[in-house]
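Residue-level structure breakdown
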Amino acid sequence: MRPAPKIGPATLVYKVETTDPVAFLTIDDGGYRDPGMAEVLKRNGVKATMFVTEKYARQDPAFFTGLRDATGSAIENHSATHANLKGKPAEKQAAEIGPVSEHYAIQFGKRPTLFRAPFGNSDGITLQAAGEAGAKYVVNWGSEIKHGKVHFSGPKQFRPGSI
């Protein structure tokens, strides 16, 4: 297998630059795997970006492959163990990010080009480690659903490009 591309630090983003009236759905971690998820996404014409923690990808790779294939969604890197990376040494961060991208390239047939830092906590070392693993962007978010309600961390509405 080819070595990971060395593209320098990834860029941290909180939204996708677009004027189209779209928001981007991400699914994090992978610990909760509902067999009906693919049908809900297909019925609503929604593709998701799944930021999967490697420990969950190893538990049930068929679920993630099936969800991706059924909906046209993408599988991206969310670290090996979901450790808080911010402030950790470069070697620790690289070990949490790089091998996961290698594994996903083999397991899922495509090297991740996106990385989501656990808890949204990243620093310059995270951006560098993600870039060295082949990620172009470290993706954060502006809203999340908790207990069936949308919670915003920034503007209290969806805007074009919201994640």
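For the structure, check the block above.
Residues numbered from 1 in each chain as written. Predicted model: local features only at pLDDT ≥ 70, side-chain atom pairs only at ≥ 80, totals over all residues. Heavy atoms only, no water.

On to the overall build of the protein chain. Counting its regular elements, the protein chain contains five helices and eight strands. When the elements of the protein chain are put in sequence order from the N terminus, they spell out β-β-α-β-α-α-β-α-β-α-β-β-β. For the protein chain, the C-alpha radius of gyration of 15 Å lies close to 15 Å, the compact-globule estimate for 163 residues. Here the C-alpha coordinates of the protein chain stretch approximately 40 × 35 × 30 Å along the principal axes. Residue burial in the protein chain is summarised as follows: out of 163 residues, 39% are buried. Considering only contacts in the protein chain between residues 6 or more positions apart, those separated by 24 or more positions represent 70%. Surface exposure of the protein chain reaches about 9,000 Å², of which carbon and sulfur atoms provide 56%. Of the side-chain charges in the protein chain, 21 are positive and 16 negative, and the distance between the mean point of each set is 3 Å. (Helix = DSSP H or I, 4+ residues; strand = E, 2+ residues; numbered from the N terminus. Rg over C-alpha atoms; globule rule 2.2 N^0.38 Å. Buried < 20%, exposed > 50% of the residue type's maximum accessible area, 1.4 Å probe, protein only. Contact = heavy atoms within 4.5 Å. Areas by Shrake-Rupley, 256 points an atom, 1.4 Å probe, with all protein chains shown as cover. Lys, Arg positive; Asp, Glu negative; His and termini not counted. Charge placed at Lys NZ, Arg CZ, Asp CG, Glu CD.)

Before going further, it helps to examine unusual backbone geometry. The backbone phi angle of Asp-29 is positive, close to 80°, even though this residue is not glycine. Inspection of the secondary structure puts Asp-29 in strand β2 (residues 25-29). Owing to a relative accessible area of 25%, Asp-29 belongs among the partly exposed residues under this scheme.

In this structure, Met-37 sits in helix α1 (residues 37-43). Judged by relative accessible area, which is 17%, Met-37 ranks as buried. Considering only alpha carbons, one finds Met-37 and Thr-71, 34 residues apart in sequence, at a separation of 9.7 Å. Apart from residues lying up to four places away in sequence, Met-37 is in contact with Ile-27, Tyr-32, Phe-63 and Leu-67.

Across the interface, helix α4 (residues 90-108) lies against helix α5 (residues 124-132) with an axial gap of 9 Å and an inter-helix angle of 45°. Our classification of the angle between α4 and α5 gives oblique. Viewed along their axes, α4 and α5 form a crossing whose handedness is right-handed. Counting all contacts with α4, which are made through Ala-90, Gln-93, Ala-94 and Ile-97, the residues of α5 involved are Ile-125, Thr-126, Ala-129 and Ala-130. (Axes fitted to C-alpha atoms, helices over the stretch in contact; angles between N-to-C directions. Parallel < 35°, antiparallel > 145°, perpendicular 65-115°, else oblique. Left-handed = near helix turned anticlockwise from the far one by under 90°.)

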